[in-house]
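Structural description and commentary
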Amino acid sequence: MIDNDREVRVPRRTIALLATTSALTAANIYLGQPLLGSAAAALHVPPATLGAVPTATQIGYATGIALIVPLGDSRDRRRLILGLCAASAVALAASALAPTAGLLVVAALALGLLSPVPQLVAPLAVALAGGRDPGRTVGTVQAGLLIGVLASRTYSGALAEAAGWRAVYGCSCILTVLLTLVLRRALPTGPLTAPPARALPYRELLASVPRLFATSPQVRRITLSGGLVGVSFGAFWTALTFLLEQDYHYGSTVVGLFGLVAVAGALASTAAGRVADRFGRRRVVLASVAVTAAAWALLLPGGSGILWLTAGVFVLDVGTWGNQVVCQGALFTLDPALHSRLNTCWFTLRFLGIAVGSLVGSVAWAHGGWPAVVGVGAAASVAALLVAGLPERRS
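In what follows, the accompanying structure is described. Remember, it's a predicted structure, so these values are computed and weren't measured experimentally.

This paragraph deals with the overall build of the chain. Broken down by element type, the chain carries 15 helices and 0 strands. Over its C-alpha atoms the chain spans a radius of gyration of 21 Å, differing by no more than 12% from the 21 Å that the globule rule assigns to 395 residues. Its C-alpha atoms give the chain principal-axis dimensions of about 60 × 55 × 40 Å. Looking at the chain as a whole, 50% of its 395 residues are labelled buried. The long-range share in the chain, meaning contacts at least 24 apart out of those at least 6 apart in sequence, stands at 83%. Accessible surface, the chain: about 17200 Å² in total, of which carbon and sulfur atoms supply 68%.

The next thing to look at is the nonpolar core. If you look at the biggest cluster of nonpolar residues, it comprises 82 residues, and the most contacted ones within it are L50, I81, L104, Y169 and L183. Among the elements that line this core, the one with the most residues is helix α4 (residues 77-97), at 9 residues. Residue contacts for L50: discarding those within four places in its chain leaves L36, A39, A40, L43, V45, A101 and L104. Formed by 19 residues, the second largest nonpolar core is a distinct cluster that contains L243, Y248, A262 and V373.

What follows concerns the environment of L300. Residue placement: L300 occurs in the loop between α13 (281-299) and α14 (306-331). Setting aside residues up to four positions removed in sequence, L300 forms contacts with W370, P371 and V374.

The next point concerns the side chain of T320. Position of T320 among the secondary structure elements: in helix α14. Accessibility expressed as a relative area gives 3% for T320, which makes it buried.

Bringing empty space enclosed by the protein into the picture now. Taken as a whole, this structure holds 2 cavities of 30 Å³ or more when the rule is applied. Reported here for the largest cavity is a volume of approximately 70 Å³. Along its surface, the largest cavity is lined by S22, P118, Q119, A122, V138, V141, Q142, L145, Q324, Q328 and F347. Secondary structure elements with two or more residues in the lining of the largest cavity: α6 (117-128), α7 (134-163) and α14.

Here the focus is a nonpolar patch on the surface. Taken together, the side chains of I174, L175, V177, L178 and L181 present a nonpolar region at the surface, about 450 Å² in accessible area. Note on placement: L181 falls in helix α8 (residues 165-186). You can call L181 exposed: its relative accessible area is 52%.

Each disulfide consists of one covalent bond between the sulfur atoms belonging to two cysteines. The full count for this structure, using the stated rule, is 0 disulfides. In this structure C85 is not part of a disulfide, and its nearest cysteine sulfur, from C173, lies 12 Å away. Its sulfur unpaired, C171 is 9.6 Å from the next cysteine sulfur, which belongs to C173.

Cut-offs used in this document
- Residues numbered from 1 in each chain as written.
- Predicted model: local features only at pLDDT ≥ 70, side-chain atom pairs only at ≥ 80, totals over all residues.
- Heavy atoms only, no water.
- Helix = DSSP H or I, 4+ residues; strand = E, 2+ residues; numbered from the N terminus.
- Rg over C-alpha atoms; globule rule 2.2 N^0.38 Å.
- Buried < 20%, exposed > 50% of the residue type's maximum accessible area, 1.4 Å probe, protein only.
- Contact = heavy atoms within 4.5 Å.
- Areas by Shrake-Rupley, 256 points an atom, 1.4 Å probe, with all protein chains shown as cover.
- Core = buried A, V, L, I, M, F, W, Y, C linked by side-chain atoms within 4.5 Å.
- 1 Å grid on protein atoms, 1.4 Å probe; cavity = no way out; pocket = protein on both sides within 12 Å on 5 of 7 lines; lining within 4 Å.
- Points joined across faces, edges and corners; volume = space filled by probe spheres on them.
- Patch = residues over 30% accessible without salt bridge, like charges linked within 9 Å, V, L, I, M, F, W, Y side chains within 5 Å.
- Salt bridge = Lys/Arg side-chain N within 4 Å of Asp/Glu carboxyl O.
- Disulfide = S-S within 2.5 Å.

Have a look at this one:
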């Protein structure tokens, strides 16, 4: 009996550590955004020049997801996470010491490339939990990611004001080194982290990702609906700034407060994993998409009513992030040997959807204002609901 209790307790402690890992490594990706002005002044370049820093980080991050995350299905997961954490600490040190804007951009690209640790952590957490309650496990890890994204901007801006922009990268480097040491000591070794007996060659591993999408109706349904939810999400957040500044005449401080509303909704969404484990993932996937569609009904009068807009932001983020938790949980019920590649497929479609939504949302705002943006978001949500509701067929 004692042994069984230990089996339950130890994974929970380890999963809490993995959620912390997700928080810190996700925070590293967004550190540079509040630092652009002070870094530009110190490096004697226009602020617009350092706009390339967050762009390079995001390009590197997307590339890392595509090229590194699939390795989780053929390499020792523990070593892979430790190696990326150590390498990202080096990239943070390079950022802190960068003598020119060009080298800072290169370091930012490297930091993004080496930072897709949260996408490796989620499959590992599910494996260490023994496959029990994958929705709850993914929700816990995602909560860490969201806290990291929110805390990074607050911590980065406050520390930069007190000690300078280089101190932000330096402190994050130290924290990442400490995290690596803790993970090295605390992460278990054994069959759940070790590579499979027959590891696929790297080229075959990468080629198998689009093949999974092409051959599995379930994977297509989940990832395509998730990508369409991403279109809705991207269209909203791109156009929101235009709406608040041009129609409401709010400054950047008030615009930033809507991020807090969004995070409150996103954190509330993590409960979706527990609901899905109890009532069935397919139902909750459909419910999460329906919530995003309902949010646009609240957002339509938000063009002239701030309370409607605030409520719509909260509901949209509950649906969007809840959808991510539930969809990842559903994918992690499939073959454990494919989890990292399934995560790659999910995040590729999700990020692509957000990028498309940002572009379409900007065009809609320019040509039709807020009602056009609502039309885009609502159409994408309804399309996602139709795709998620397609009849199930055996993969």
